[in-house]
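Observations on the three-dimensional arrangement
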Protein chains: 2
Amino acid sequence: MQAANNRTLKNTLREHELKATTQRVALLKLLESTQEHFDAEEIYLQLRAGQKNVSRATVYRSLEALVEQCLVSKLDFGDGRMRYELSRGEDDHHDHLICEICGKVIEFFNLEIEAQQIAICQENGFTPSTHTMLIFGTCAECRKLG
Amino acid sequence: MQAANNRTLKNTLREHELKATTQRVALLKLLESTQEHFDAEEIYLQLRAGQKNVSRATVYRSLEALVEQCLVSKLDFGDGRMRYELSRGEDDHHDHLICEICGKVIEFFNLEIEAQQIAICQENGFTPSTHTMLIFGTCAECRKLG
DNA sequence: TTCTAAATGAGACTGAATTGCACTTGCAGT
DNA sequence: ACTGCAAGTGCAATTCAGTCTCATTTAGAA
Ligand SMILES: [Mn+2]
Ligand SMILES: [Mn+2]
Ligand SMILES: [Zn+2]
Ligand SMILES: [Zn+2]
């Protein structure tokens, strides 16, 4: 969305005890600039297309570091590849509707569901840390076409 | 749980347009006999330990066929291996709490969440087919020990 | 500028899952 | 029961996302 400049991105990395390498800055900038849920290969190819020299290993390692610092979220849509999206803090949580036809992803947040999840955990003496909720189906556009 | 005999299992397979091979019967019987959420390799090893000759490829292909017939559910707990559990029809749906320490899986079903999910889909013009909800955290026992 | 721990690049490697192909078998039809 | 053959199986080769090794490079502190 809003294009953060390189200095801002470098500071963000340093605030999270990460060396501000050109590869990491480029990766963060890419994730800041999109609403997509890219996988590692897509990120790798986008960076290369943007004249950034980077290796697959570095993409994976950088993403791992960013996820560990909660700057990025790692998502499993169940198709064998992990997806990544920029995380804008604790209050940024949302879940996903995924169109099985066109792959479109719709984000949502529902406070009642979140509350029920906590209640369920309490009933089971379970201490939750994270959760994922994926609803698969057909989006409005694909429904019309089909 | 209740040990279904081979004839019953064979009939189940045939009712779903699947040839009742010895491998498939053994696989179904194994899944009927457990509450676990086995992965393909565990199923393969269990069948071998039970003197059943079966190959990994057949385990994968049989599971795929059973999932397609909705006799088995395929679960992705996010650790790189798919899990499988017997499905006892449409009304058998449940979601999972997963202990990140010991791996224990607690099953639950919450009608309010299911209703909210449907509402969310309607709001987005989305036609749902399936969903998965995984809540990761620490189970009561691991909490006490930790 | 110099120094060095951390990061990167290239490619080898891993492990789950899939596939090609020759062989076997369930089972429908006789 | 016997036969024919499409469907299923076994094995090995293959795919593919992701991880690891190690030689080289670099960020950033001194
Ligand atoms: Mn998202
Ligand atoms: Mn279950
Ligand atoms: Zn769609
Ligand atoms: Zn536990």
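Residues numbered from 1 in each chain as written. Chains lettered and ligands numbered in written order. Predicted model: local features only at pLDDT ≥ 70, side-chain atom pairs only at ≥ 80, totals over all residues. Heavy atoms only, no water.

1. Concerning the packing of helix H2 (residues 22–32) of chain A against helix H3 (residues 40–49) of chain A
Residues and elements named next belong to chain A. Definition in use: Helix axes are fitted to C-alpha atoms over the stretch in contact, other axes to C-alpha atoms as well, and angles between N-to-C directions run from 0 to 180 degrees. Counting from the N terminus, the helices are DSSP H or I runs at least four residues long and the strands are E runs at least two residues long. We call two directions roughly parallel when the angle between them is under 35 degrees, roughly antiparallel when it is over 145, roughly perpendicular when it lies between 65 and 115, and oblique otherwise. Between two residues, a contact is recorded if the distance between any of their heavy atoms is within 4.5 Å. As a working rule, the residues Ala, Val, Leu, Ile, Met, Phe, Trp, Tyr, Cys and Pro are called nonpolar, Asp, Glu, Lys and Arg charged, and the rest polar, with Gly in that last group.
Packing of H2 against H3 leaves a shortest axis separation of 10 Å and a crossing angle of 105 degrees. Accordingly, the angle class assigned to the pair H2 and H3 is roughly perpendicular. In contact with Ala26, Leu27, Leu30 and Leu31 of H2, H3 contributes Ile43, Gln46 and Leu47. Residue composition of the contact of H2 with H3, grouped by class: six nonpolar, one polar and no charged.

2. A word on the coordination of the zinc ion (ligand 4)
All names here are of chain B. Note the threshold: Distances decide who is a donor: an N, O or S atom must be within 2.8 Å of the metal, or within 3.2 Å for Na, K and Ca. Water is not included, so sites may look incomplete. Geometry assignment treats four donors as tetrahedral when all angles are between 85 and 135 degrees, treats four as square planar and six as octahedral when opposite donors are over 155 degrees apart and all others between 65 and 115, and treats everything else as irregular. Each residue gets one of three labels from its accessible area relative to the maximum for its type: buried under 20%, exposed over 50%, partly exposed in between, using a 1.4 Å probe on protein chains only.
Taken together, the protein donors to the zinc ion (ligand 4) comprise Cys99 (SG), Cys102 (SG), Cys139 (SG) and Cys142 (SG), at separations of 2.2 to 2.4 Å. Coordination at the zinc ion (ligand 4) is tetrahedral, judged from the four donor atoms that bind it and the angles of 103 to 115 degrees they form at the metal. The sequence pattern describing where the donors of the zinc ion (ligand 4) fall on their chain is C-x2-C-x36-C-x2-C. Comparing Cys139 with Cys142 shows no difference in burial state: the two are buried.

3. Description of the interface of chain B and chain A
As a reminder of what qualifies: Simply put, the buried area is the total loss of 1.4 Å probe accessible area from both parts when two parts are fitted together. What makes a salt bridge here is a side-chain nitrogen of Lys or Arg within 4 Å of a carboxyl oxygen of Asp or Glu, nothing more. The term polar contact refers here to a pair of N or O atoms within 3.5 Å; inside protein, the definition further demands a hydrogen-donor-capable atom paired with an acceptor-capable atom, and it admits residues adjacent in sequence only when both atoms are side-chain atoms. Pairing between strands is defined by DSSP: at least two bridges between them are needed.
Of the residues lining the interface, 33 residues belong to chain B; the matching set on chain A comes to 33 residues. Between chain B and chain A lies a buried interface of about 2,800 Å² when both sides are counted; carbon and sulfur atoms form 59% of it. When the buried surface of chain B facing chain A is broken down by residue, Ile120, Phe126 and Ile135 of chain B rank first, second and third, together holding 20% of it. There are zero salt bridges connecting chain B and chain A. Our count for the contact surface shared by chain B and chain A stands at 18 residue pairs in polar contact (both at pLDDT 80 or more). Mapped onto the side of chain B that touches chain A, the elements with two or more residues apiece are strand S4 (95–99), strand S5 (105–108), helix H5 (111–123), strand S6 (127–138) and helix H6 (140–145) of chain B. Of the residues forming the side of chain B that touches chain A, the biggest block, 12 residues, is contributed by S6 of chain B. Per-class residue counts for the side of chain B that touches chain A are 16 nonpolar, 13 polar and four charged. Looking at chain direction, strand S6 (residues 127–138) of chain A and S6 of chain B are connected through 11 bridges and run antiparallel. Counterpart to Thr130 of chain A in the pairing with S6 of chain B is Phe136 of chain B.

4. Description of the sheet that holds strand S2 (residues 72–76) of chain A
Residue and element names in this part refer to chain A. Spatial strand order, S1-S3-S2: three strands in an open sheet with antiparallel pairing. Since the sheet does not close on itself, it has two edges, and those belong to strand S1 (38–39) and S2, each with one partner. The sheet contact formed by S2 and strand S3 (residues 82–86) spans five bridges and is antiparallel. Residue pairing across strands places Lys74 opposite Tyr84, the latter belonging to S3. In the packing of H2 onto the sheet, the strands contacted are S1, S2 and S3, and the crossing angle to S3 comes to about 85 degrees.

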